[in-house]
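Residues per chain, in single letters:
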Amino acid sequence: MNRAFVTLCKANLCYNSLKSNLHTNRPQLAWAKSDLPKTFVSFNKKIYPPQEIGEEPRPAFVCHQKTNVKYSPEKLWYIASLVRGMTVDEAIKQLSFINKKGAVFVKEAILEAQKLAVTEHNVEFKSNLWIAESFSGKGMVIKGIRRHARGRLGEVRYQYSHYFVRLEEGKPPQDYYKRNPLTPQQQLDKWLEQMRKRKITNSY
């Protein structure tokens, strides 16, 4: 009985060692490629040339992403738009009072980016950061089956999304969405100048 038990243990040990040596796992396959976004985070590795004397200082920034969040990218876009142009502390404060599942993901990503900026990107004060970019993207979509009446089947899609955030050192702008800083009179003069310079085809 003991001899049979020892033989069985040796066989299991040989099988496990053989199984561990076989590279048949999905990530180790040569044709298995990651579909996660890589471009946005690669900006963290960019090296800039030394600045000249008298040149305006380049603020430090950090890019971070949260991938394959179980939330619709369309719903996540509204929460991402809310925190644009805010300081990190103000954004975390506002997200704490939003009763949405996506607000939890956005808050976690901002806190992770803040910690990353202090530990790896030499940002001195973690509160001296503002959200320069905040947007969502489409992640993987898993298709499922939903049963309908009379034996029919319907398709259901489980959507995932990516969240991207870029924190920048310094104070946020006074008006993040103000694209045209001209006064109303300057805007009118500019429009009149464009109208005078325009070329109307088939005319003198």
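About the thresholds
- Residues numbered from 1 in each chain as written.
- Predicted model: local features only at pLDDT ≥ 70, side-chain atom pairs only at ≥ 80, totals over all residues.
- Heavy atoms only, no water.
- 1 Å grid on protein atoms, 1.4 Å probe; cavity = no way out; pocket = protein on both sides within 12 Å on 5 of 7 lines; lining within 4 Å.
- Points joined across faces, edges and corners; volume = space filled by probe spheres on them.
- Nonpolar A, V, L, I, M, F, W, Y, C, P; charged D, E, K, R; others polar.
- Patch = residues over 30% accessible without salt bridge, like charges linked within 9 Å, V, L, I, M, F, W, Y side chains within 5 Å.
- Areas by Shrake-Rupley, 256 points an atom, 1.4 Å probe, with all protein chains shown as cover.
- Salt bridge = Lys/Arg side-chain N within 4 Å of Asp/Glu carboxyl O.
- Helix = DSSP H or I, 4+ residues; strand = E, 2+ residues; numbered from the N terminus.
- Buried < 20%, exposed > 50% of the residue type's maximum accessible area, 1.4 Å probe, protein only.
- Pairing = 2+ DSSP bridges.
- Axes fitted to C-alpha atoms, helices over the stretch in contact; angles between N-to-C directions.
- Contact = heavy atoms within 4.5 Å.

**Here we look at the layout of surface pockets**
Next up, step 1: In this structure, the largest pocket occupies an estimated 270 Å³ of space.
Next up, step 2: Class assignment of the residues belonging to the lining of the largest pocket gives a composition of five nonpolar, four polar and three charged.

**Here we look at a nonpolar patch on the surface**
Next up, step 1: A contiguous nonpolar surface patch, about 250 Å² in accessible area, is contributed by Met140, Ile142 and Tyr158.
Next up, step 2: For Tyr158, the position within the fold is in strand β3 (residues 153-169).
Next up, step 3: Of the residues examined, Tyr158 reaches a relative accessible area of 39% and is grouped as partly exposed.

**What to know about the sheet that holds strand β2 (residues 129-147)**
Next up, step 1: Sheet architecture is open: three strands sit in the order β1-β3-β2, paired in antiparallel fashion. The open sheet terminates on both sides in strands that have one partner only, identified here as β1 (61-69) and β2. Each strand of the sheet is rotated relative to its neighbour by a mean of 10°, with strand direction disregarded.
Next up, step 2: Alignment of β2 against β3, held across 16 bridges, turns out to be antiparallel. Of the residues in β3, the one forming a bridge with Arg147 is Leu153.
Next up, step 3: Along the sheet face, helix α2 (residues 73-82) touches β2 and β3 and points at about 25° away from the line of β3.

**Describing the side chain of Ser136**
Next up, step 1: Note on placement: Ser136 falls in strand β2.
Next up, step 2: If we skip the residues at most four places from it in the chain, Ser136 touches Pro73, Leu76, Trp77, His162 and Tyr163.

**Considering the pattern of salt bridges**
Next up, step 1: Under the definition given, this model contains seven salt bridges.
Next up, step 2: Between Lys66 and Glu112 there is a salt bridge whose closest N-O contact spans 3.4 Å. Residue Lys66 is found in strand β1, and its partner Glu112 is found in helix α4 (residues 101-120); the two are separated by 46 residues along the sequence.
Next up, step 3: With a relative accessible area of 17%, Lys66 lands in the buried category.
Next up, step 4: With its nearest N and O atoms 2.8 Å apart, the salt bridge here joins Arg166 to Glu133. With Arg166 in strand β3 and Glu133 in strand β2, this residue pair connects regions lying 33 residues apart in the sequence.
Next up, step 5: For Arg166, a relative accessible area of 17% corresponds to the buried category.
Next up, step 6: Residue class for Glu133 comes out partly exposed when judged on its relative accessible area of 28%.

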